[in-house]
Amino acid sequence: ADCRYTCHQECRSLIQLDCRRPGQWQSQLSPESTLLPPCSQNVTQTVEEEKPEPPTVQEIKQKIEKYNAKVTNCLLMKLNEDGTYTGFIKVHLKLRRPVTVPAGIRPQSIYDALKEVNLAEMTDKRTSFYLPLDAIKQLHISSTTTVSEVIQGLLKKFMVVDNPQKFALFKEMRKDGQVLFQKLPLTEYPLYLRLLAGPDTDVLSFVLKENETGEVEWDAFSIPELQNFLMILDKEEKDKIQQVHRKYERFKQRLQQTLKEARGKPG
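Anyway, here's the lowdown on the structure attached to this text. (Residues numbered from 1 in each chain as written. Predicted model: local features only at pLDDT ≥ 70, side-chain atom pairs only at ≥ 80, totals over all residues. Heavy atoms only, no water.)

## Observations regarding the overall build of the protein chain
Part 1: In terms of helices and strands, the protein chain carries six helices and eight strands.
Part 2: When the helices and strands of the protein chain are listed from N to C terminus, the series reads α-α-β-β-β-α-β-β-α-β-β-α-β-α.
Part 3: Sorting the 267 residues of the protein chain into buried and exposed places 27% on the buried side.
Part 4: Accessible surface, the protein chain as shown: approximately 19900 Å² in total, 52% of it carbon and sulfur. (Helix = DSSP H or I, 4+ residues; strand = E, 2+ residues; numbered from the N terminus. Buried < 20%, exposed > 50% of the residue type's maximum accessible area, 1.4 Å probe, protein only. Areas by Shrake-Rupley, 256 points an atom, 1.4 Å probe, with all protein chains shown as cover.)

Listed below in structure tokens is the structure:
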């Protein structure tokens with residue numbers, strides 16, 4: 001009220017006033033007299049958001065029953081006795097760059113899957129190719145399965161030996177006619193997001209894409225991978241040049257045809 005000094009209640013013990021205003025108020029000033037009431041707060045103060053409490057088993061059970069009631073196929077969620085639950089998610093693969101896989105090995109058999117045989121470890125030979133654009137892979141996961149584990153599981157199913165850090169899982173949402181993508185943290189639980197959104201993939205779907213960090217970390221790639229990138233860039237450059245040549249060649253032909261027709265007309 002006198003020297004116009006204010007502070008928060010929690011900062012009280014840190015304040016040492018040395019008010020030099022002359023007059024009768026000087027002897028009366030104290031840190032207590034300059035404090036704001038406890039209800040007053042600085043609008044610029046950063047307030048930490050409280051994390052919501054995890055849902056109870058009963059709440060999870062209700063959500064699963066509501067989810068399964070909307071399922072039109074057999075891909076239901078199942079609640080376990082320990083409170084965890086299992087279900088299915090579909091992941092769209094939208095990779096623009098080639099992936100690295102073992103070269104010259106047979107496809108994975110049921111025996112390999114049951115025995116968890118890693119065919120990628122059977123050979124050191126590597127090759128690169130493009131995965132089919134917008135391929136869809138269905139995964140059966142648990143409520144404790146993280147985004148990181150989903151990415152590793154997808155790479156293992158396709159026998160991709162690239163570093164998992166090159167990839168990221170996104171959630172795709174549609175709102176007001178727009179398609180929105182949001183990168184998911186590695187510790188997020190995709191099945192819980194699926195449970196909250198319901199089984200409709202138009203509301204929420206998962207997409208595996210390259211982990212775009214603004215700058216390409218070339219150190220994460222091997223020499224053969226970098227050589228393949230150069231070959232691909234060279235091919236794309238040649239294709240682009242041919243497209244430009246064909247475009248102007250068609251334009252040239254139309255222009256010559258127009259001139260030819262104009263010469264045959266009087267005037």
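Back to the text.
## Examining the pattern of salt bridges
Part 1: Counting across every chain of the model gives five salt bridges.
Part 2: K94 is the partner of E172 in a salt bridge, and the nearest nitrogen-oxygen pair spans 3.5 Å. Separated by 78 residues along the polypeptide, E172 in strand β6 (residues 167-175) and K94 in the loop between β2 (85-93) and β3 (99-102) bring together distant segments of the chain.
Part 3: Between E172 and R174 there is a salt bridge whose closest N-O contact spans 3.2 Å.
Part 4: We classify E172 as buried; its relative accessible area is 4%.
Part 5: Taken together, the shared-partner salt bridges connect K94, E172 and R174 into one network. (Salt bridge = Lys/Arg side-chain N within 4 Å of Asp/Glu carboxyl O.)

## Remarks on unusual backbone geometry
Part 1: A positive phi angle, close to 55 degrees, is found at M159, a residue other than glycine.
Part 2: Locating M159 in the fold gives a position in the loop between α4 (147-157) and β6.
Part 3: Take M159: its relative accessible area is 22%, and that puts it in the partly exposed class.

## Focus: the environment of E149
Part 1: Of note, E149 is situated in helix α4.
Part 2: The partly exposed category is assigned to E149, whose relative accessible area is 43%.
Part 3: Put simply, E149 and L186 are 37 residues apart on the chain and 8.3 Å apart in space, counted from C-alpha to C-alpha.
Part 4: Here T146 takes part through its backbone nitrogen, which lies 3.0 Å from a polar atom of the side chain of E149. (Polar contact = N/O pair within 3.5 Å; in protein donor to acceptor, adjacent residues only side chain to side chain.)

## Describing the nonpolar core
As a rule of thumb, soluble globular proteins bury nonpolar side chains together.
Part 1: Of all hydrophobic cores here, the largest spans 30 residues; its most connected members are I89, V91, F167, L169, F206 and L208.
Part 2: Secondary structure elements with two or more residues in this core: α2 (57-70), β2, β3, β5 (135-142), α4, β6, α5 (190-197) and β8 (204-210).
Part 3: No other element matches α4, which puts five residues into this core.
Part 4: Sequence-distant contacts of F167, that is, excluding residues within four places in its chain, are made with L95, V99, I151, L155, V160, D162, L208, K209, E210 and N211. (Core = buried A, V, L, I, M, F, W, Y, C linked by side-chain atoms within 4.5 Å. Contact = heavy atoms within 4.5 Å.)

## Quick look at the side chain of K171
Part 1: By secondary structure assignment, the location of K171 is in strand β6.
Part 2: Notably, K171 is buried but unbridged: the nearest opposite-charge side chain belongs to E188, and the N-O separation is 6.5 Å.
Part 3: If sequence neighbours within four positions are ignored, K171 has contacts with L180, F181, Q182, L184, L204 and S205. (Lys, Arg positive; Asp, Glu negative; His and termini not counted.)

## Some remarks on the environment of Q165
Part 1: Looking at the secondary structure, you find Q165 in the loop between α4 and β6.
Part 2: Overall, the relative accessible area of 64% leaves Q165 in the exposed class.
Part 3: Each C-alpha atom, one on Q165 and one on N211, is 7.1 Å from the other, the two residues being 46 residues apart in sequence.

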